[in-house]
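# Close look at the chain arrangement
Here is what each chain is made of, one letter per residue.
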Protein chains: 2
Amino acid sequence: MLPFEHIIIIDKESKVAVYKQIAFSITNAIQRGTLKAGTHLPGSRELAKSLGVHRKTVMAAYDELSAQDWIIITPRKHISVAERIPLLKPRKWSSEPSALPYQHDFHIGFRIIDNGVQKTNTTPNPEIIIDDGCPDVRLSPIDALLRTYRSYTSFKYAIKDANTGTEQGTAKLREELAHYLSETRGLNISASNLLITHGAQMGIFIASRLLLEPGSNIIVGKPNYPSAGRAFEETGAQLIEVRTDEHGINVDDIEAVCKKKKVTAVYVIPHHHYPTTVTLSAERRLKLLELSIRFSFAIIEDDYDYDYHYTTSPYLPLASCKHDGSVIYIGSFSKMLDPSLRIGFMVAPENFITQCVALRKIIDVGGDGYMQNALAALIKNGELKRHVKKAKKCYHQRRDFLDTLLREKLGKYISYTLPSGGMAIWVKLNPEFSVTQLMSHPKLKVTRIDIEHNAFRFGFASMNEKELELAVAFLHAMLD
Amino acid sequence: MLPFEHIIIIDKESKVAVYKQIAFSITNAIQRGTLKAGTHLPGSRELAKSLGVHRKTVMAAYDELSAQDWIIITPRKHISVAERIPLLKPRKWSSEPSALPYQHDFHIGFRIIDNGVQKTNTTPNPEIIIDDGCPDVRLSPIDALLRTYRSYTSFKYAIKDANTGTEQGTAKLREELAHYLSETRGLNISASNLLITHGAQMGIFIASRLLLEPGSNIIVGKPNYPSAGRAFEETGAQLIEVRTDEHGINVDDIEAVCKKKKVTAVYVIPHHHYPTTVTLSAERRLKLLELSIRFSFAIIEDDYDYDYHYTTSPYLPLASCKHDGSVIYIGSFSKMLDPSLRIGFMVAPENFITQCVALRKIIDVGGDGYMQNALAALIKNGELKRHVKKAKKCYHQRRDFLDTLLREKLGKYISYTLPSGGMAIWVKLNPEFSVTQLMSHPKLKVTRIDIEHNAFRFGFASMNEKELELAVAFLHAMLD
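The residue numbering used here restarts from 1 in each chain and proceeds along that chain's sequence as written. Chains carry letters and ligands carry numbers; both start at the beginning, A for chains and 1 for ligands, and go up in the order they are written. Only residues with pLDDT of at least 70 are given local features in this predicted model, and only at 80 or more are side-chain atom pairs given and counted; all residues enter the totals for whole chains, interfaces and linings. With hydrogens and water excluded, all non-hydrogen atoms of the structure serve as input to the side-chain values.

### As for the pairing of strand β7 (residues 238-245) of chain A
If a strand is regular, its side chains alternate between the two faces of the sheet. Residues and elements named next belong to chain A. Any two strands between which DSSP finds at least two bridges are classified as paired. Secondary structure elements are taken from DSSP: a helix is a run of H or I of four residues or more, a strand is a run of E of two residues or more, and numbering for both begins at the N terminus. Bridge count for strand β6 (residues 217-222) against β7 is six bridges, and the pairing is parallel. Within β7, the position partnered with Ile218 by the bridge is Leu239. Bridging between β7 and strand β8 (residues 248-249) involves two bridges; their strand directions are antiparallel. Of the residues in β8, the one forming a bridge with Thr244 is Ile249.

Set out below in structure tokens:
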């Protein structure tokens, strides 16, 4: 009899279940050759005794090993190591050696989308990360979300159908979200006006593929949110940039363009413009809606951080105002909860949503139904609203704290307008300094730098006061 | 003093934390008017005593209420209901009433992708669901995956940078997957040859947008996987169908087409073809690779269920054989673990992957970094391999069990060839029966029905023996 108590090593402190540890030890011994093919293994009762574990634990280990073909259990007779050890060696169908194919280039012609200009800032181990306006995940009820998620996946058979309808988003999430949006943003919608996307960007991508084609014109602000701009360009459409000032995108410019050419759509971030953080004024909002009717263009309204408005109540979205059905409203939970939670949404008339769903199915079939339902539960039980309320208060304080820090420590080097909301301050460096400095420091990573405007976004929401102090002190040392 | 022990109702059995129950009760009382603005609330010590809870619980409730502006805490003085109750009433910027905008149609011209033909089978509450080949989520280590996921999200600040690089997939997952694929499928790749996608479909979508343009030709089998076909059509390319028989797609047909026109790509599902489940023979595989070099076309190899092959070891992918870098290999974890886990991958030469990443950023920015890293851990600790091994054994048994059932109970009505692997049997109804019958029964939902071939896919992997018996008995009753 082999000394199984030496072959099988159990660490009761380990997080790995004991039966798995037993199974691992046995497969290791088989692979090392300590246990040969055909070797009889002790009965579960006997092995349990020598290892000092419960017999059921040993039985679980044997079941696992048998399921994996490592051992053969002959009921009422014996347990033995399988004659054919299960090695993962797929049969070769060709005797030719596998030439390292992926060391080659791809030899068929294909479109070049990135010719090297889009390289992101890839500082390997930055000490200071200044993001472009991300939420503080330490405040988010991610744990509650995942708890619910787990509870759904444990229903097992009942969820066989869980994936049905995820191309539009689960009915549960769309219903809860329709309530939520009408309550918080005055949107008069039903679940059929909603498409749940894989983040706000997918909403922009889908809308632009349906609206634009080579030769179409779309108006955007200057500067603009780069990822949206690239999605528009990808369709072959022409981007027409108009000015953006402290009241948002210039609607007179939009009118002037519309008088000269057919404009298919206008992309706006009324609340708060990316990257400059300005809010579109009430007057311009009304005018934009009028122009949309007069010149028959669609408005793509990107409202990624509606919830975070500090000085006044937020303006209601354009989509909640009187319009002729030409506003496509795009939002996201990434800014409310966690950037890694890739759930966004689009609100639009039903006939448009129907086509979006058809396109979405082709792009990636659909989203994660469990996660969507877990989010629906978070909305239903009020957790999301409570979280947003708390986060808003906290981010408001952080904005004000950063404002004080910037004035006191960096006043000589920079200028900015304090945004009325959002999660970032648009900081312009004085002409004697160059924002490219911020790109080269090995310990610093700044997500959004705009060389043309010598400016960067200082995301304050994700940092607490101590972290904000550190980041500002770091910048001060660099600029001084 | 108000009777707080009656205003505040605590259910210690409830899953809602006690401090939250206290906070809810108080906000409810404020909203109902029981607690008026300015009303003083008892100190935490006093309230804790009258409710029979710990003082810290009451303090937590008060903190929550204060953060949400329901109450004002004046340190060392008193706690009172806020004068301005926080109502979620955004300021209206226009006095015009909000006209139900989304009841309208969308009035701007847009592309019609689905003209009504793609309607899926939407039986509301089917008793029997016959899917087209889904895994049995009851076997999947989803719980282990979510446990790891949760542990990542609880690192909090350390994960500020968690979203970096998710446009290609996290480095961790790509590294683990490169090992896994070389071990299990003979793919000689590194992490830079991998793009992590939101399911296999996204890989197909991205590859086709880079390769195809209006007027390009792509060859597909007939019948074909419909979602892939639609992704190709979306680019404006021409689909050329060639025959598929018991050895897979007909390579002589492919050769004949290539002699007549320029073919950009060939889409194959060598292992096992969807919907017919046939495996592409070794001889044809070699010929296909030769043709690819001779006629310079790309091969899009969709290998969605590689792991499930029962009678022999699986053929190695085309991508693992000698080729000139023209094979784009697409796989998914949806079939290994859970259809709701939307993680797939593409393997291709680095210069192609770079362009895929640029396009992917425009489509949806990136995936869920935590989930990707949780999956990487599942691969690293061997859990995924163990699971696949167990599942394979189980699905093999289910295939054989369904084979017996179909022969015994439905032999008179149907014909089929037992597939050597995969998760479904392609069942053809005899000509005297019509597959449309299966579409109309209110208690039955069949995911993939092919009217042209009078056939459907019978997914066996997701059902245990009892469920398979029920489904077959149901079909028997319908056809008899």
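Further notes follow.
### Focus: the confidence of the model for chain A
All names here are of chain A. Confidence of the prediction at every residue is given by pLDDT, a number between 0 and 100. In this model, chain A carries a mean pLDDT of 86, and residues with pLDDT of at least 70 account for 90%. Contacts between residues were defined by any pair of non-hydrogen atoms, one from each residue, lying within 4.5 Å. Confidence drops under a pLDDT of 50 for residues 88-99, and excluding neighbours within four residues, the segment shows 27 contacts in the predicted structure. Scored as a complex, the prediction yields pTM 0.81 and ipTM 0.80.

### Observations concerning the relation of the copies chain A and chain B
For this overlay, a least-squares fit was computed on C-alpha atoms, restricted to residues scoring pLDDT of at least 70 in both copies. Overlaying chain A on chain B yields an RMSD of 0.1 Å, the required transformation being a rotation through 180° with an accompanying axial translation of 0.0 Å. When the rotation and shift are considered jointly, the pair of chain copies conforms to a two-fold rotation axis. Of every C-alpha in chain A, the one belonging to Leu146(A) sits nearest the axis of rotation, 3.8 Å from it.

### What to know about helix α8 (residues 226-234) of chain A
For α8(A), every residue scored as buried is listed here: Ser227(A), Ala228(A), Gly229(A), Ala231(A), Phe232(A) and Glu234(A). On its buried face, α8(A) sits against α7 (200-211), β6, β7, β9 (265-268) and β10 (298-302) of chain A together with α11 (350-364) of chain B. Backbone geometry just after α8(A) places Gly236(A) at a positive phi near 90°. Residue burial is assigned from relative accessible area. The probe radius is 1.4 Å, only protein chains are included, and a residue is buried under 20% of its type maximum, exposed over 50%, and partly exposed in between.

### Considerations on the environment of Asp450(B)
Residues and elements named next belong to chain B. Position of Asp450 relative to the elements: it lies in strand β16 (residues 449-450). Asp450 gets classed as buried once you look at its relative accessible area, which sits at 14%. Separated by 304 residues in sequence, Asp450 and Leu146 have C-alpha atoms that sit 37 Å apart. Discounting residues that sit within four places of it in the chain, Asp450 has contacts with Pro223, Trp426, Val435 and Ala455.

### Structural notes on the pattern of salt bridges
Where charged atoms from two side chains of opposite charge approach closely, those side chains can pair. All names here are of chain A. Basic side-chain nitrogens of Lys or Arg form a salt bridge, by our definition, when they fall within 4 Å of a carboxyl oxygen of Asp or Glu. Taken as a whole, this structure holds 37 salt bridges over all chains when the rule is applied. For Lys222, the salt bridge identified is with Glu452, shortest N-O distance 3.0 Å. Placement of the pair is Lys222 in strand β6 and Glu452 in the loop between β16 (449-450) and β17 (455-459), with a sequence separation of 230 residues. We classify Lys222 as partly exposed; its relative accessible area is 31%. A relative accessible area of 61% places Glu452 in the exposed class. Notably, a salt bridge pairs Arg243 with Asp253, separated by 2.8 Å at the nearest N-O pair. Separated by ten residues along the polypeptide, Arg243 in strand β7 and Asp253 in helix α9 (residues 251-260) bring together distant segments of the chain. Using a relative accessible area of 54% as the deciding quantity, one classes Arg243 as exposed. Owing to a relative accessible area of 16%, Asp253 belongs among the buried residues under this scheme. In the salt-bridge network here, residues are joined through shared partners; they are Asp252, Glu255, Lys259, Lys287 and Arg294.

### Quick look at the interface of chain A and chain B
Each partner contributes to the interface: chain A provides 133 residues, whereas chain B provides 131 residues. As used here, buried area is the combined drop in accessible area, with a 1.4 Å probe, of two parts when they are placed together. Carbon and sulfur atoms supply 58% of the area that chain A and chain B bury against each other, a total of about 11,900 Å² over both sides. Between the two partners, chain A and chain B, sit two salt bridges. Taking the shortest distance from any N to any O, the salt bridge between Glu383(B) and Lys20(A) comes out at 3.0 Å. Contacts described as polar in this section are N or O atom pairs within 3.5 Å, which, within protein, must combine one atom able to donate a hydrogen with one able to accept it, while residues neighboring in sequence count only if both atoms come from side chains. Remark: the boundary between chain A and chain B carries 29 residue pairs in polar contact (both at pLDDT 80 or more). A per-element tally of the side of chain A that touches chain B places helix α11 (residues 350-364) of chain A first, with ten residues.

### Describing the sheet that holds strand β2 (residues 71-74) of chain A
All names here are of chain A. Taken in spatial order, the three strands line up as β1-β3-β2 in an open sheet, and their pairing is antiparallel. Whereas interior strands pair on both sides, the edge strands pair on one side only; in this sheet they are β1 (40-41) and β2. Pairing of β2 with strand β3 (residues 78-81) involves four bridges; the strand directions are antiparallel. Directly across from Ile72, in β3, lies its bridge partner Ser80. Between N-to-C directions, angles span 0 to 180 degrees; the directions come from axes that are lines fitted to C-alpha atoms, helices contributing only their stretch in contact. Across the sheet, helix α4 (residues 55-67) touches β1, β2 and β3, and the angle it forms with β2 is around 115°.

### A closer look at the packing of helix α6 (residues 171-185) of chain B against helix α12 (residues 369-380) of chain B
Residues and elements named next belong to chain B. The contact between α6 and α12 brings their axes to 8 Å, and the two run at 30°. By crossing handedness, the relation of α6 to α12 is classed as left-handed. Contacts between α6 and α12 pair Lys172, Leu173, Glu176, Leu177 and Tyr180 from the former with Gln372, Asn373, Leu375, Ala376, Ile379 and Lys380 from the latter. By convention, the crossing between two helices is left-handed when the near helix turns anticlockwise from the far helix through less than a right angle, and right-handed when the turn is clockwise.

### Quick word on the environment of Ile206(B)
All names here are of chain B. Assignment of secondary structure puts Ile206 in helix α7 (residues 200-211). Judged by its relative accessible area of 0%, Ile206 is buried. For the pair Ile206 and Arg360, spaced 154 residues apart in the sequence, the C-alpha separation amounts to 7.2 Å. What Ile206 contacts, discounting residues up to four positions off in sequence, is Leu195, Met346, Cys356, Leu359, Arg360 and Ile363.

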